[in-house]
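Okay, here's what each chain looks like letter by letter:
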Amino acid sequence: MSADTDVEVLRRQGRIVVVGASLAGLRAAETLRDQGFTGSLTMIGDEPYEPYDRPPLSKQALLGRARPEDTALPRRRDIDAEWRLGVAAAGLDRDAKLVRLANGDTVPYDRLLIATGTRARPWFHPEEAALDGVFVLRTRDDSARLHRKLAGAVSRVLVIGAGFTGSEVASACRELGLDVTVAERGPAPLVGALGGVIGAVADRLQRKKGVDLRCGISVTALEGDEVGRLRRAHLSDGSAIDVDVAVVSLGAMRNTEWLAGSGVAAGPRGIACDAGCRVFDVNGIVTDDIYAAGDVARSPHPLFDYQFLALEHWGNAVEQAEIAAHNMICAGPDRRPHLWLPMFWSSQFGVNIKSVGVPSLGDQLVVAQGALAEERFVAVYGYRGRVIAAASFDGAKWLGFYEQQIAAGAPFPPEYRTVDRRTETLHPIDPAFPDPHLPTHGATVTLTGHSPSERRVAFVPAHA
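The structure displayed is predicted, hence computed values, not measured ones.

What's the story with the sheet that holds strand E14 (residues 230–235) in this structure? I'm lost.
Pairing between the strands of a sheet is mediated by backbone hydrogen bonds and can be parallel or antiparallel. A sheet is described by the order of its strands in space; here three strands give the open sequence E13-E14-E15, paired in antiparallel fashion. The outermost strands of the open sheet, each flanked by one partner alone, are strand E13 (219–224) and strand E15 (240–242). Sheet twist, expressed as the mean angle between neighbouring strand axes with direction ignored, is 20 degrees. One ladder, built from five bridges, connects E13 with E14; its direction is antiparallel. Residue pairing in the sheet places glutamate 223 in a bridge with arginine 232 of E14.

Would you take a moment to explain the nonpolar core for this structure?
The nonpolar side chains of a soluble globular protein tend to be buried, and buried together. In terms of nonpolar packing, the biggest core is built from 67 residues, with Val157, Leu194 and Ile198 touching the most fellow members. Not counting the four nearest positions on each side in its chain, leucine 194 is found in contact with Phe164, Ile353, Ser355, Pro359, Tyr381, Ala391, Phe393 and Phe433. Of all hydrophobic cores here, the second largest spans 27 residues; its members include Leu41, Ala115, Tyr291 and Ala321.

Whenever I open this one, the packing of helix H2 (residues 23–34) against helix H8 (residues 314–328) confuses me. Can you help?
Helix-helix packing is described using two parameters, namely the angle between the two axes and the distance between the axes. Two elements in contact, H2 and H8, have axes separated by 8 Å at closest approach and are oriented at 35 degrees. The handedness of the crossing between H2 and H8 comes out as right-handed. Facing Leu23, Ala24, Arg27, Ala28, Thr31 and Leu32 of H2, the residues of H8 in contact are Trp314, Ala317, Val318, Ala321, Glu322, Ala325 and His326. For the contact of H2 with H8, the class distribution of residues is nine nonpolar, two polar and two charged.

Looking at this structure, I do not really get empty space enclosed by the protein. What am I missing?
Left-over empty space is what a probe sized like a water molecule reveals as it rolls over the atoms. Enumeration over the complete set of coordinates arrives at three cavities of 30 Å³ or more. What the largest cavity holds in volume is close to 80 Å³. Every residue lining the largest cavity is listed: Gly294, Ala297, Arg298, Ser299, Pro300, His301, Leu309, Leu311, Asn316, Gln320, His338 and Trp340. Of all elements in the fold, only strand E22 (297–300), strand E23 (308–311) and H8 reach the threshold of two or more residues within the lining of the largest cavity. Broken down by element, the residue count for the lining of the largest cavity peaks at four residues, all from E22. When its residues are assigned to classes, the lining of the largest cavity shows five nonpolar, six polar and one charged.

Which parts of the structure should I look at to understand helix H5 (residues 164–175)?
Note: α-helices contain 3.6 residues per turn, so residues at a spacing of three or four share the same orientation. With 12 residues, H5 extends 16 Å from end C-alpha to end C-alpha; this agrees with the ideal 16 Å at 1.5 Å per step. Where burial is concerned, most of H5 is hidden: nine out of the 12 residues are buried. Positive backbone phi, at 85 degrees, marks glycine 177, one or two positions downstream of H5.

Rules and cut-offs
- Along every chain, residues carry numbers that run from 1 in the direction the sequence is written.
- Local features in this predicted model are restricted to residues whose pLDDT is 70 or higher, and side-chain atom pairs enter the listing and the counts only when it is 80 or higher, whereas totals over whole chains, interfaces and linings include all residues.
- By convention in this description, side-chain values take in all heavy atoms of the structure and omit both hydrogens and water.
- Two strands are said to pair when DSSP picks up at least two bridges between them.
- The numbering of helices and of strands both runs from the N terminus, where a helix is a DSSP run of H or I of at least 4 residues and a strand a run of E of at least 2.
- Angles run from 0 to 180 degrees between N-to-C directions of axes, and those axes are lines fitted to C-alpha atoms, restricted for helices to the stretch in contact.
- Remark: nonpolar core denotes a set of buried residues (Ala, Val, Leu, Ile, Met, Phe, Trp, Tyr, Cys) joined through side-chain atoms within 4.5 Å.
- With a 1.4 Å probe rolled over the protein chains alone, any residue whose accessible area is under 20% of its type maximum counts as buried; one over 50% counts as exposed, and the rest are partly exposed.
- Working rule for contacts: check all heavy atoms of both residues, and any pair within 4.5 Å makes them a contact.
- Each helix crossing is assigned a hand: it is left-handed if the near helix lies turned anticlockwise from the far helix by less than a right angle, otherwise right-handed if that turn is clockwise.
- Ten residue types, Ala, Val, Leu, Ile, Met, Phe, Trp, Tyr, Cys and Pro, are classed as nonpolar, four, Asp, Glu, Lys and Arg, as charged, and the remainder, Gly among them, as polar.
- Using only the protein atoms, space was sampled on a 1 Å grid; points where a 1.4 Å probe fits but cannot get out form cavities, open sets with protein on both sides within 12 Å along at least five of seven lines form pockets, and lining residues are those with an atom within 4 Å of a point.
- Grid points are joined across faces, edges and corners, and a volume is the space filled by probe spheres set on the points.
- Between the first and last residue of a helix there are one fewer steps than residues, each counted as 1.5 Å, and that sum is the expected span.

This is the structure in structure tokens:
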């Protein structure tokens, strides 16, 4: 039987299983049906809900402008799938082609798409994390619980971590008229994602909006009262503050633990896959029946030295899911690469922040439009003499141009002179990213190296 015949049989009567019933999983399923897949389709999700949109959970939902239960993702078409919701995947048997579920069931597959995404990193002390008033924000239920709490009698909110999500939560709380303290162990908000130069702008913005921002500070303990309600937070400078609510925003953890022992190249940094979304095994050999998409996947990109990129971006989840679905039911010559250029946006403290490319790869920066002092600008990042990224505060209209510059490998510093003459400098400066070995919060693009597996090999030369 030829490979083309195998693909046709798969398209007509194959079994495709999608683990992860969120944005990437849904868009992949819709693409499979759009492209003529008529076999069986099973959607597995650990939450009891069909796919919903997550960005509104830290914005409109906290402000009461949208209910968490009203954030269901719009459907492009009916996918005619069997939904296995409220039960997590617990293991993978590659030899038998079975997904094991937490309830003991098994689900067979001919092709498997892993789109398990991420979860919020919990507070490090379980007893303190269980206090009434301690929250994370990732799921629909998280948002609903936090909104109910903020709508009550709350005197002060502590946000632990000033990455994008933490900053958005702090912004929503200030808009609700609540007193907010933000504790960030890095030198500024957003520093891990955009660097210290831009982080200083975010720092000023938060303070102007009334946030009690404490940078270079960690929360060392959360203290409860005699009935288990949060009452106080202890900080690394020896101080303590009285708080009713603490929102833990320490970044995301990729949901790969269920793949332990499966032979798939999966670890804390994600699941390694090729540019066609095919997953590698632990020996660096690409599989042909297992694919990955969305926040959990990491794949090489030619614009960034072929390093593996792990992206926590809405647009990437959609694009990668569509590529993965296409490739799952195509013969080799018809497969397409996933070469999406990272893009991200955040709305906080009345400012729209957007980025394109990988700012954290940048070793130089120029402010090409606007002025940092006015909190309205476009900053362009360079890496080894070419444009690698751009970030804007209320300057999104320019980012399409910089997207083209990045894709074309345009030289850095920029050669054109269409910059706003009010800008502080046309000369490159250090973007001031922190030491990558030191923890910071909130990066949405992570360069994870060149190796397709988590193994490390040391070469020891033989003695003469």
